[in-house]
Amino acid sequence: MAAFTGRVLGRHQAAVVRIGFGLVWLAYLLREWPHRRVLYGDRSPWSMDLAQRLLAENGAFTVLPWFGGRLWFELVYHLAVLAAVAVVLGWRTRASTVLFLVTVLSLQNRNVFLGDGGDNVVHLMAVYLVFTRCAEVWSLDARRAGPGRVGVVLWAVLGAVLAVCQLGDFSGESLTWTSPAFPYVGWAPLFWGLWAVAGLWWVLGRLRPDGEPRAVLDALANMIHNCAMLVIAAEVMLIYATAGWYKVQGSRWQDGTALYYPLHLDYFTPWPWLSALAGSALVPVFLISYGTVIVQVAFPFTLLNRRVKNVLLAVMMAEHLGIAVMLGLPVFSLAMIAADAVFLPTGALLWVEARVQRDVVRAGARLLGQALRDLERALRRREDVR
Amino acid sequence: MADSTDTPAGGRVWSGPAQLVIGLAGAALLTGTGLFLGAVFLHVAPANSVSRQYRAEVDGVVYPEFEQNWKLFAPNPLQQNVSVDARVRTVAEGGATRTHDWTGLTAQDIAAIRGNPAPSHVDQNLLRRAWDFYDGSHNPQDETLTTARGKLAEEYLKRIALQRIGRSVDGERVLEIEFRVTSATVLPPSWSGEAPPPAPKVRELPWWPVDDEDYRGLG
């Protein structure tokens, strides 16, 4: 109980998940930048009219229909890029994760017939991340001493924007307080709740930084974080368990030829010679097919044993790297790796941190030294000329 | 965030009201988390007695934002290459109509994917999933709708093709469009000893009229 209320469990893992999904979505947005208008914008074959007919049925959240048109779309798309950058850097994370959520949902729900498993997992994590304290380490927020003035300004601006959206007719049914069906809550309580809590946190920090109310808020935030981390971990386990258990029933997985087939699908063979090579021999195809099912089914149970879990984690990350190249699914694979990262051992993460710090310091020192030497040489040459 | 405490709760003695708030919030959070995970579990599990009983509640939690399909390559991986082709009928100034050759829409996608380390969703998912959407909402025998969303699928598929073909071909205005879809089962591996699959199946959709409205926003 003390750990549940008093500690941010898995703070390094939360940071890795934040950075991972921020990078995946950022890379995706930049990669698709030339195609953005066809995918989600004014040039989409899934016209705004079609989208709105579907949205009226399923009630998914997106701000894009609010104004339609190119300008609004471009604004949202580029805000999505900025939000992803902020999430990666851990800049004003309480606000940037919410913007990340809004932009991810807005773009993906504009056309739900575009995504694959990668988009699906980004979508879910965008929601879960909002509830984590994912900027405790490896973030700009963690490096800053106090709340600073920017935070207050950002809070006020976002509050004003939210109020305009809430009161304006353009937002239609997207920012309601309740919903007609179970669980009867709309989006407004979430957004206003987060906004109010951020304000309360700041006010208490100014008035009574060591007082009990703020400590209670801190404990509540820890509990919410810990629940969200549990949800993220459970989500990853569900993904593998589902993928594994349904395969057990498949005749192709049973006869050990399953791997061969995706390697011969036109849509997933960017390198046909490589795919043909990988699917050419009986025994490797059998071993990888069976190995995949075994690993996916086994993974949730290996969490009981650290060492076995870590080995399997490494195997799964390697398999996803293989999928990224072989099946031409880099975004999907990187998203899965980012999700797997929630199970990385803290020791390994700290080791990476130390290494990166050392290398960055070394590289920085080398660059600085080089720059100084160049400068010195340039100055000397100038004197020689004189 | 930097100033959040990381000291064990034992370091602070909570007052009565604080204990109450933390206790209640903790209980609510754990219950909520448990129910949420339960709903997601029931959503991905095979249909069962519990998920049938609480179907409305599970669907209420999961749709629209927590929908998930993790049957990745399961129970069996896809074993068919589906190619969508389209052809158009155009009308000349004088009123004479002409039927043009098939355009390989899927072939265009494949060409864009080949040798590309990071294929775009435009090439890998747009048409492929639009066809899945159409296929899932139509009867393959007579192309009638099986769900109300089928109409949307038709319009979507039509617009994808029209965006690539354009308003006119050889200077003649597009009047109608037709789709042809070929499903070829992947040849089993040489060592499997299985009989070769049947010849590719060709499915032809009816001609659909094309008007200006279909081109709206296609650029």
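Within any chain, residue numbers begin from 1 and follow the written order of that chain's sequence. Chains carry letters and ligands carry numbers; both start at the beginning, A for chains and 1 for ligands, and go up in the order they are written. Since the coordinates come from a predicted model, pLDDT governs what is reported: local features require at least 70, and pairs of side-chain atoms require 80 or more to be given and counted, while whole-chain, interface and lining totals use all residues.

1. Things to note about the overall build of chain B
- Of regular secondary structure, chain B possesses six helices and seven strands.
- Secondary structure elements follow DSSP: runs of H or I no shorter than four residues count as helices, runs of E no shorter than two count as strands, and numbering proceeds from the N terminus. Listing each helix as α and each strand as β along chain B from the N terminus yields α-α-α-β-β-β-α-α-α-β-β-β-β.
- In terms of overall dimensions, chain B is more spread out than a globule: its C-alpha atoms have a radius of gyration of 27 Å, far above the 17 Å expected for 219 residues.
- Expressed along its principal axes, the backbone C-alpha trace of chain B runs to roughly 90 × 50 × 40 Å.
- By residue count, 21% of the 219 residues in chain B fall in the buried class. With C-alpha atoms as the basis for the radius of gyration, the globule rule is written as 2.2 Å multiplied by the number of residues raised to the power 0.38. Buried means a residue has 20 or more other C-beta atoms within 10 Å of its own C-beta, exposed means 12 or fewer, and partly exposed covers the counts in between; C-beta atoms are placed from the backbone.

2. Here's the deal with the overall build of chain A
- Scanning chain A from terminus to terminus reveals 17 helices and zero strands.
- Its C-alpha atoms give chain A principal-axis dimensions of roughly 80 × 70 × 55 Å.
- By sequence separation, contacts in chain A at least 24 residues apart represent 70% of the contacts at least 6 residues apart. Here, residue contact means that the backbone-derived C-beta atoms of the two residues sit within 7 Å.

3. Quick notes on the nonpolar core
- The biggest cluster of nonpolar side chains holds 121 residues, and the ones touching the most others in it are Val17(A), Met125(A), Ala335(A) and Ala130(B).
- Among the elements that line this core, the one with the most residues is helix H11 (residues 212-248) of chain A, at 15 residues.
- Leave out the neighbours within four places in its chain, and Ala335(A) touches Val24(A), Gly118(A), Val121(A) and Val122(A). One nonpolar core equals one set of buried Ala, Val, Leu, Ile, Met, Phe, Trp, Tyr and Cys residues connected by C-beta atoms within 7 Å.

4. Things to note about the pairing of strand S1 (residues 80-91) of chain B
Residues and elements named next belong to chain B.
- In terms of strand pairing, S1 meets strand S5 (residues 172-185) through twelve bridges, oriented antiparallel. When the sheet's bridge partners are listed, Val84 is paired in S5 with Val181.
- Criterion used throughout: strands pair if DSSP finds at least two bridges between them. The sheet contact formed by S1 and strand S3 (residues 103-104) spans two bridges and is antiparallel. Note on S3: the bridge partner recorded for Ala86 is Thr103.
- By the bridge criterion, three bridges tie S1 to strand S2 (residues 97-99) in an arrangement that is antiparallel. Bridge pairing in S2 places Val91 opposite Thr97.

5. Some words on the interface of chain A and chain B
- With 78 residues of chain A at the interface, the matching set in chain B holds 76 residues.
- In terms of residue class, the side of chain A that touches chain B is built from 45 nonpolar, 17 polar and 16 charged. Note on residue classes: Ala, Val, Leu, Ile, Met, Phe, Trp, Tyr, Cys and Pro are nonpolar, Asp, Glu, Lys and Arg are charged, and everything else, Gly too, is polar.

6. Description of the domain arrangement of chain A
- Source of the domain bounds: an automatic or database domain assignment. By domain assignment, chain A separates into domain 1 (2-144 + 208-344) and domain 2 (348-386).
- Each of domain 1 of chain A and domain 2 of chain A was reduced to a C-alpha centroid, and the two centroids are 37 Å apart.

7. Section: the domain arrangement of chain B
- Each assigned domain of chain B is listed with its residue range as follows: domain 1 (12-62) and domain 2 (80-215).
- For domain 1 of chain B and domain 2 of chain B, the distance between their C-alpha centroids amounts to 45 Å.

8. Thoughts on unusual backbone geometry
- Of the consecutive residues Phe182(A) and Pro183(A), the connecting peptide bond is found in the cis state with omega at 5 degrees.
- Inspection of the secondary structure assignment puts Pro183(A) in the loop between helix H9 (148-167) and helix H10 (188-207).
- Cis geometry is adopted by the peptide bond preceding Pro75(B), which originates at Ala74(B) and carries an omega value of -5 degrees.
- Tracing the sequence through the fold places Pro75(B) in the loop between helix H3 (55-62) and S1.
- Phi at Phe73(B) is positive, roughly 55 degrees, even though this residue is not glycine.
- Within the secondary structure, Phe73(B) sits in the loop between H3 and S1.
- On the basis of neighbour count, Phe73(B) is assigned to the buried category, with 20 C-beta atoms found within 10 Å.
- Positive phi values are uncommon outside glycine, yet Glu143(B) reaches one of about 60 degrees.

9. Considerations on helix H5 (residues 70-89) of chain A
Residue and element names in this part refer to chain A.
- Expected helix span is given by 1.5 Å per residue-to-residue step, counting one fewer step than there are residues. Spanning 20 residues, H5 covers 29 Å between terminal C-alpha atoms, matching the ideal 28 Å at 1.5 Å per step.
- Among the residues of H5, Phe73, Val76, Tyr77, Ala80, Ala83, Ala84, Ala86, Val87 and Val88 are the ones counted as buried.
- The first or second residue beyond H5 is Gly90, which carries a positive phi of 70 degrees.

10. A short note on the confidence of the model for chain A
- One confidence number per residue, pLDDT, is output by the predictor and ranges from 0 to 100. Summary statistics for chain A give a mean pLDDT of 94 and a share of 100% for residues scoring 70 or more.
- Within chain A, the element-level pLDDT minimum falls on helix H1 (residues 2-6) of chain A, averaging 84, and the maximum on H5(A), averaging 98.

11. A word on the packing of helix H2 (residues 11-31) of chain A against H5(A)
All names here are of chain A.
- Here the axes come from fitting lines to C-alpha atoms, over the contacting stretch only for helices, and the angles between their N-to-C directions go from 0 to 180 degrees. H5 packs onto H2 with a crossing angle of 150 degrees between their chain directions and a minimal axis gap of 8 Å. Taken together, the axes of H2 and H5 lie roughly antiparallel to each other. The hand of the H2/H5 crossing is left-handed. Residues Arg18, Ile19, Gly22, Leu23, Trp25, Leu26 and Leu29 of H2 form the contact with H5, whose own contacting residues are Ala80, Val81, Ala84, Val85, Val87 and Val88.
- Among the residues making up the contact of H2 with H5, the classes are represented as eleven nonpolar, one polar and one charged. Roughly parallel refers to an angle under 35 degrees, roughly antiparallel to one over 145, roughly perpendicular to one between 65 and 115, and oblique to any angle outside these ranges. Throughout, a crossing is termed right-handed when the near helix is turned clockwise from the far one, and left-handed when it is turned anticlockwise from it by less than a right angle.

12. Notes on the environment of Leu50(A)
- Tracing the chain through its elements places Leu50(A) in helix H4 (residues 48-58).
- Judged by the 20 C-beta atoms lying within 10 Å of it, Leu50(A) falls in the buried class.
- Between the C-alpha atoms of Leu50(A) and Leu334(A), which are 284 residues apart in sequence, the distance is 31 Å.
- Setting aside its immediate chain neighbours within four residues, Leu50(A) contacts Leu152(B), Glu155(B) and Tyr156(B).

13. Digging into the environment of Arg18(A)
All names here are of chain A.
- Relative to the assigned elements, Arg18 resides in helix H2.
- Of the residues examined, Arg18 has 28 C-beta atoms within 10 Å and is grouped as buried.
- Once the C-alpha coordinates of Arg18 and Val342 are considered, the two residues, 324 residues apart in sequence, prove to be 9.8 Å apart.
- Setting aside residues up to four positions removed in sequence, Arg18 forms contacts with Val87, Gly90, Leu129 and Cys134.

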